[in-house]
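Results of the structural survey
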Amino acid sequence: MKDSKALRHDWTKEELLAIYNKPLLELVYEAATVHRQWHNPEEVQISTLLSVKTGGCPEDCSYCGQAARYHTDIKVQALLPTETVLAHAQKAKDSGSSRFCMAAAWREVRDNRDFDRIIEMVQGVNEMGLEVCCTLGMLTEDQANRLQEAGLYAYNHNLDTSEEFYDEIISTRKFDNRLATINNVRKAGITVCSGGIIGLGEKDADRISMLRTLANMEKHPESVPINALARVAGTPLADLPKVDVWDMVRMIATARIVLPSSMVRLSAGRIEMTEVEQGWCFMAGANSIFTGERQTLLVTPNPGVDEDMQMLKNLGLKPMELKKERLCSTNG
Ligand code: SF4
């Protein structure tokens, strides 16, 4: 294994595949070593995610219960009032979260009163001293600048899957649209949160290709969520098999090795994992989780904050304190 804290941006598919396919314990050992070179392995960033506008989305992401075209049990909810969102943020802070993420099921941001309200929410959460993150769909450069001026710290925009497999999962936008929004976020000086989902029916080559796109970006995303498909009844992917935990561990370990300075976030799918399985993911280099009230991760089940705090304690881990400069200074 190469030592040194140099970031690479020139990974080949062959190199990535060789890492991903290492004997599992070797892979986890290497990832755990890289993790220790770049991060405090005792710390896990706790992020809280709140859906501020739910369902009714015009996009056709085939894994998502919020797409208006699928018949799911998800209740449509208009944009929440600012005060409600700020009350949730305060509660998240009081429970130990250092990052508060607000998600709206939109195809793209429109320059209207709803966006003005999002700006107010960003300002309010930022004033509480939390890292504030949004995921609102596609963004123009001007909109990204407005969010940055309001104090937005991070913008989530997942690649979801590989460029090659993208059209199988979503037809209402292109992979390049994702890259364009990420670019607008970067230009505005907002940190990037971007990862993907496994278990969509993709091949190992697609997982590798997605990680390669992230790892070969000029600047690595500061956060990289790795999600296991949360199978939502009524969506086209509802009947796919559950993701094998070792696939999650491999994916997280590979992400940790090729994106060493990034926070690797164990995201959707945790509800289907035991504490032991999640422990493997932390050993493989995951150092961030989403937790939340109402035990939901957007619209799919997620462990609650008390359960998560107990798990961290059992594993000898602790919530990361808020250190905004840290992510900026370690990324290259
Ligand atoms: S993933 Fe986002 S963009 Fe896609 S359907 Fe769901 S809410 Fe809409």
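It should be emphasised that the depicted structure is a prediction, and the values quoted were computed from it without experimental measurement. (Residues numbered from 1 in each chain as written. Predicted model: local features only at pLDDT ≥ 70, side-chain atom pairs only at ≥ 80, totals over all residues.)

1. Details of the pairing of strand β7 (residues 223-228)
Counting buried positions along β7 yields six of six residues, so the element is predominantly enclosed. Neither face of β7 is left uncovered, since the one carrying Ser223, Pro225 and Asn227 and the one carrying Val224, Ile226 and Ala228 both have all their residues buried. Two strands pair when backbone bridges link them, and strand β6 (residues 196-198) and β7 are joined in this way by three bridges, in the parallel orientation. Opposite glycine 196, over in β7, you have isoleucine 226 as the bridge partner. The parallel pair β7 and strand β8 (residues 263-266) is bridged by helix α9 (residues 245-258), and the resulting crossover is right-handed. (Buried ≥ 20, exposed ≤ 12 C-beta atoms within 10 Å, placed from the backbone. Helix = DSSP H or I, 4+ residues; strand = E, 2+ residues; numbered from the N terminus. Pairing = 2+ DSSP bridges. Right-handed = clockwise from strand over helix to strand, strands pointing away.)

2. A look at the site of the ligand
In the region of the ligand, the neighbouring residues are Cys57, Glu59, Cys61, Cys64, Gln66, Ala67, Ala105 and Gly137. Here the shell around the ligand is composed, by residue class, of five nonpolar, two polar and one charged. (Near = placed C-beta within 6 Å. Nonpolar A, V, L, I, M, F, W, Y, C, P; charged D, E, K, R; others polar.)

3. Digging into the UniProt feature "domain: Radical SAM core" (unreviewed entry) in the protein chain
In the numbering adopted here, UniProt assigns the feature "domain: Radical SAM core" (unreviewed entry) to residues 42-270. Secondary structure within residues 42-270 divides into 35% helix and 18% strand; the distance between the first and last C-alpha atoms comes to 19 Å. (UniProt positions renumbered as here; feature names shortened; annotations may be inferred.)

4. Thoughts on helix α2 (residues 24-38)
The end-to-end C-alpha distance of α2 is 21 Å, a good match for the 21 Å that 15 residues give at a rise of 1.5 Å each. Along α2, the residues that are buried comprise Leu27, Val28, Ala31, Val34 and His35. End-on, the buried residues of α2 take up no more than an arc of 125°, which puts them together on one face. Across from the buried face of α2, at angles greater than 90 degrees, the exposed residues are Leu25, Glu26, Arg36 and Gln37. Buried residues along α2 sit against α1 (13-20), α9 and α10 (275-283). (Expected span 1.5 Å × (residues − 1). Arc of directions from axis to C-beta. Contact = placed C-beta atoms within 7 Å.)

5. Observations regarding the UniProt feature "binding site: [4Fe-4S] cluster" (unreviewed entry) in the protein chain
Per the UniProt record, "binding site: [4Fe-4S] cluster" (unreviewed entry) is found at Cys57, Cys61 and Cys64. Within the secondary structure layout, cysteine 57 lies in the loop between β1 (43-53) and α3 (82-94). Not counting residues within four places of it along the chain, the set of residues in contact with cysteine 57 comprises Gln66, Ala67, Ala68, Ala105, Trp106 and Arg107. Within the secondary structure, cysteine 61 sits in the loop between β1 and α3. Here cysteine 61 is in contact with Ala67, Ile169 and Ile170, once residues within four sequence places are set aside.

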